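Spelled out from the first residue to the last, the chains are:
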Amino acid sequence: MNKIAVIFWTGTGNTEVMANEVVAGAKEAGADVTLFNTSAFSADKAQEFDKFALGCPAMGAEELEDSEFQPLYDQLKTQISGKKVVLFGSYGWGGGEWMNPWKEDAVNAGLVIVDDPLAIEGAPDDAGKEKCRELGKVLALS
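Residues numbered from 1 in each chain as written. Predicted model: local features only at pLDDT ≥ 70, side-chain atom pairs only at ≥ 80, totals over all residues. Heavy atoms only, no water.

1. Topic: the overall build of the protein chain
Part 1 of the argument: Summing up its helical and strand segments, the protein chain has 4 helices and 6 strands in all.
Part 2 of the argument: In the protein chain, the order of α-helices and β-strands from amino to carboxyl end is β-α-β-β-α-β-α-β-β-α.
Part 3 of the argument: Its C-alpha atoms give the protein chain a radius of gyration of 13 Å, within 12% of the compact-globule value 14 Å for 142 residues.
Part 4 of the argument: Principal-axis analysis of the C-alpha atoms gives the protein chain an extent of 40 × 30 × 25 Å.
Part 5 of the argument: Expressed as a percentage of contacts within the protein chain between residues at least 6 apart in sequence, the contacts between residues at least 24 apart total 77%.
Part 6 of the argument: Working note: accessible area of the protein chain is about 6,300 Å², and carbon and sulfur atoms make up 47% of it. (Helix = DSSP H or I, 4+ residues; strand = E, 2+ residues; numbered from the N terminus. Rg over C-alpha atoms; globule rule 2.2 N^0.38 Å. Contact = heavy atoms within 4.5 Å. Areas by Shrake-Rupley, 256 points an atom, 1.4 Å probe, with all protein chains shown as cover.)

As structure tokens, then:
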């Protein structure tokens, strides 16, 4: 089975655009993909999926969004330890540095990161959208 959950939080819409492109890429590679905003997903649904794409923009001092995404991620990471995952998100400043501690935390929690995290400054352009689709394909084919 190749069921993928793409779970994201967005403030400006940029990470949502990325999430939709990740979905498109995974579907092109033959995966069964479901897209969820953080408010529509709970950690108890984790067992229904084989793989996960997690998307969150950089917030504040280069950190994950702390009212919806971080609490869900903290619950979810214990449920998906050992499963294949990709990380993505947009940022407006800081050069995408928030991805480094997020990736480290994910690896320490036992998530199997199958590709480099994807951080895009601002709204993804055509090249950025293609990178998102490629990320979805890599996850689907991993």
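2. Overview of helix α4 (residues 126-141)
Part 1 of the argument: Taking 1.5 Å per residue as the helical rise, α4 with its 16 residues ought to reach 22 Å, and the 23 Å between its terminal C-alpha atoms agrees with that figure.
Part 2 of the argument: The set of residues buried in α4 consists of G128, C132, R133, L135, G136, L139 and A140. Seen end-on, α4 carries its buried residues on one side only, within an arc spanning 150°. In α4, those exposed residues whose orientation departs by more than 90 degrees from the buried face are D126, K131 and L141.
Part 3 of the argument: Taken together, the buried residues of α4 touch β1 (3-8), α1 (14-28), β3 (51-55), β4 (84-91) and β6 (118-121).
Part 4 of the argument: The backbone nitrogen of A127 has a side-chain oxygen 3.2 Å away, supplied by the residue at the start of α4, namely D125. (Expected span 1.5 Å × (residues − 1). Buried < 20%, exposed > 50% of the residue type's maximum accessible area, 1.4 Å probe, protein only. Arc of directions from axis to C-beta. Polar contact = N/O pair within 3.5 Å; in protein donor to acceptor, adjacent residues only side chain to side chain.)

3. Some thoughts on the packing of aromatic side chains
Part 1 of the argument: For the structure on display, the rule yields 8 aromatic pairs.
Part 2 of the argument: A centroid spacing of 6.2 Å and a plane angle of 10° characterise the contact between F69 and Y73, whose relative ring orientation is stacked. Residue F69 and its partner Y73 are located together in helix α2 (residues 69-79), separated by 4 residues, close to a single helical turn.
Part 3 of the argument: Three or more aromatic residues joined by ring pairs form one cluster here, namely F36, F41, F49 and F52. (Phe/Tyr/Trp six-rings, centres within 6.5 Å; stacked < 30°, edge-to-face > 60°.)

4. Brief notes about the nonpolar core
Across soluble globular proteins, nonpolar side chains have a tendency to be buried as a group.
Part 1 of the argument: The biggest cluster of nonpolar side chains holds 25 residues, and the ones touching the most others in it are I7, F41, F52, L54 and W102.
Part 2 of the argument: Per element, the largest residue contribution to this core is 4 residues, and it comes from α2.
Part 3 of the argument: Every residue in contact with F52, bar those within four places of it in the chain, is listed here: A5, I7, F41, A46, I80, K83, K84, V85, V86 and L139.
Part 4 of the argument: Within the second largest apolar cluster, 19 residues are counted, among which are M18, A26, I120 and A140. (Core = buried A, V, L, I, M, F, W, Y, C linked by side-chain atoms within 4.5 Å.)

5. Some thoughts on helix α3 (residues 99-108)
Part 1 of the argument: For α3, the set of buried residues is M99, W102 and A106. Taken around the axis of α3, the buried residues stretch over an arc of 65°, which confines them to a single face. For α3, the exposed residues set more than 90 degrees away from the buried face come down to E104 and N108.
Part 2 of the argument: Check the buried side of α3 and you find it contacts β3, α2, β4, β5 (112-113) and β6.
Part 3 of the argument: Directly beyond the C-terminal end of α3, a positive phi value near 95° is found at G110.

6. With respect to the environment of N100
Part 1 of the argument: On the secondary structure map, N100 appears in helix α3.
Part 2 of the argument: For N100, a relative accessible area of 48% gives the class partly exposed.
Part 3 of the argument: Sequence separation of N100 and E62 is 38 residues, and the distance between their C-alpha atoms is 10.0 Å.

7. A look at the environment of A26
Part 1 of the argument: When you line up the elements, A26 lands in helix α1.
Part 2 of the argument: It is 17 Å that separates the C-alpha atoms of A26 and V112, two residues lying 86 residues apart in sequence.
Part 3 of the argument: If we ignore the near neighbours within four places in the chain, the residues touching A26 are I4, A31, V33, G136, K137 and A140.

In short, geometric facts, not functional conclusions.
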